[in-house]
Amino acid sequence: MSAQCLWDVGTLLGEGPLWSPQARRLYFVDIKAPAVHALDVMSGEKFSWAMPVDIGWLIPRLNGAGFLAGFRDGFARLQLEPTVVIDYLGNPMAGQPGCRLNDAKADAQGNVWAGSMHDTEPQQAVGQLFRISLDGQWQVMDSDYHICNGPALSPDGKTLYHTDSLLGRVYAYERLPDGQLGPRRLWRQFQADEGSPDGMTTDVEGCLWIAHWRGAGISRFSPQGERLKHIPLPVSQVTSCTFGGANMDRLFVTSARIGLSDAQLQQEPLAGGLFEIDPGTRGLPAACYGG
């Protein structure tokens, strides 16, 4: 169950992998380049689009072309082809200097769950968890985060998982019938030798696949938090993962080279690359933003 490098793209901070079954492409972002990249996994054709500011994530749109995207200065409709068009819709962090959107996922109802963080001083607990509704309005669902990462939803949609990477914690929330969240509970505490939990996704069995930032691998955990398997990667800063491919049975993994010294880069020349793993299970298609 080894990892294969599909594209030695060298992202500074690769994140937000997204499989598009319509385009047969794997999209992902480089937060700090900033840029959006895409790989046609059948033909091997590669695409890249420069962005004007830091970009944290892409969510496919249900009722329109392109994506909903999270930028440093808010969320916007993003069209990549034939030309890049950005149409800002709102900024949940207005009045919070230094903060930016970091990671997000949509739920089956078409809402987007997105986290924020302080970009240069992540030790500040100013990060928040937002829900962006179909009408483009947002609500703060929780706060006091340092580095918000990896929203993921259980297959039945009843549990929302979210991480604070700085603290090494993965939290779980019960999603209530009225759309609100139950109390935050600690789902798993990562130990120092595991690195930090970063981006994540769930498979059809409800298990979580979590990227280990500075942990050189990716792990599968049961819904109860038991580690079932660990897959090492030839890079230390593993950032996120998603299922894709024609049968949703491939796991695509992003990584980063930001902050690594020349000596470290010599030890891990594929840092910042895009990887593929045969996980032995399947995932679910990414949900779309319904607005």
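This text goes with the structure placed above it.
Computed from a predicted model, the values in this text were never measured in an experiment.

Scoring rules and cut-offs
- Residues numbered from 1 in each chain as written.
- Predicted model: local features only at pLDDT ≥ 70, side-chain atom pairs only at ≥ 80, totals over all residues.
- Heavy atoms only, no water.
- Phe/Tyr/Trp six-rings, centres within 6.5 Å; stacked < 30°, edge-to-face > 60°.
- Helix = DSSP H or I, 4+ residues; strand = E, 2+ residues; numbered from the N terminus.
- Buried < 20%, exposed > 50% of the residue type's maximum accessible area, 1.4 Å probe, protein only.
- Polar contact = N/O pair within 3.5 Å; in protein donor to acceptor, adjacent residues only side chain to side chain.
- Contact = heavy atoms within 4.5 Å.
- Pairing = 2+ DSSP bridges.
- Axes fitted to C-alpha atoms, helices over the stretch in contact; angles between N-to-C directions.

### With respect to the packing of aromatic side chains
Phase 1: If you walk through the whole model with that rule in mind, you get 12 aromatic pairs.
Phase 2: Both rings, one in F71 and one in Y88, keep their centres 5.7 Å apart while their planes meet at 50 degrees; by these two values the pair is tilted. Separated by 17 residues along the polypeptide, F71 in strand 7 (residues 67-71) and Y88 in strand 9 (residues 85-90) bring together distant segments of the chain.
Phase 3: You can call Y88 partly exposed: its relative accessible area is 35%.
Phase 4: Seen in terms of ring centroids, F75 and W138 are 5.8 Å apart; in terms of plane orientation they differ by 85 degrees. Their pairing is edge-to-face. One end of the pair, F75, is in strand 8 (residues 74-79); the other, W138, is in strand 13 (residues 138-145), with 63 residues separating them in the sequence.
Phase 5: Site record: aromatic cluster; members linked through ring pairs are Y27, F47, W49 and F67.

### Remarks on the side chain of T163
Phase 1: With respect to the helices and strands, the residue T163 is situated in strand 15 (residues 159-164).
Phase 2: We classify T163 as buried; its relative accessible area is 0%.
Phase 3: Engagement of the side chain of T163 in a polar contact is seen with the backbone oxygen of N149, the distance being 3.0 Å.
Phase 4: Ignoring sequence-local partners within four residues, the contact set of T163 consists of Y145, I147, C148, N149, G150, R169, V170, P197, D198 and M200.

### What to know about the sheet that holds strand 1 (residues 4-7)
Pairing between sheet strands relies on hydrogen bonds along the backbone, with the strands arranged either parallel or antiparallel.
Phase 1: Reading across the sheet, the 4 strands line up as 1-24-23-22 and stay open at both edges, with antiparallel pairing between neighbours. Only two strands of the sheet have a single partner each, and these edge strands are strand 1 and strand 22 (238-244). Strand-to-strand, the axes of this sheet are offset by a mean angle of 30 degrees, without reference to chain direction.
Phase 2: Pairing of strand 1 with strand 24 (residues 274-277), which is carried by 3 bridges, proceeds in the antiparallel orientation. Bridge pairing links W7 to L274 in strand 24.

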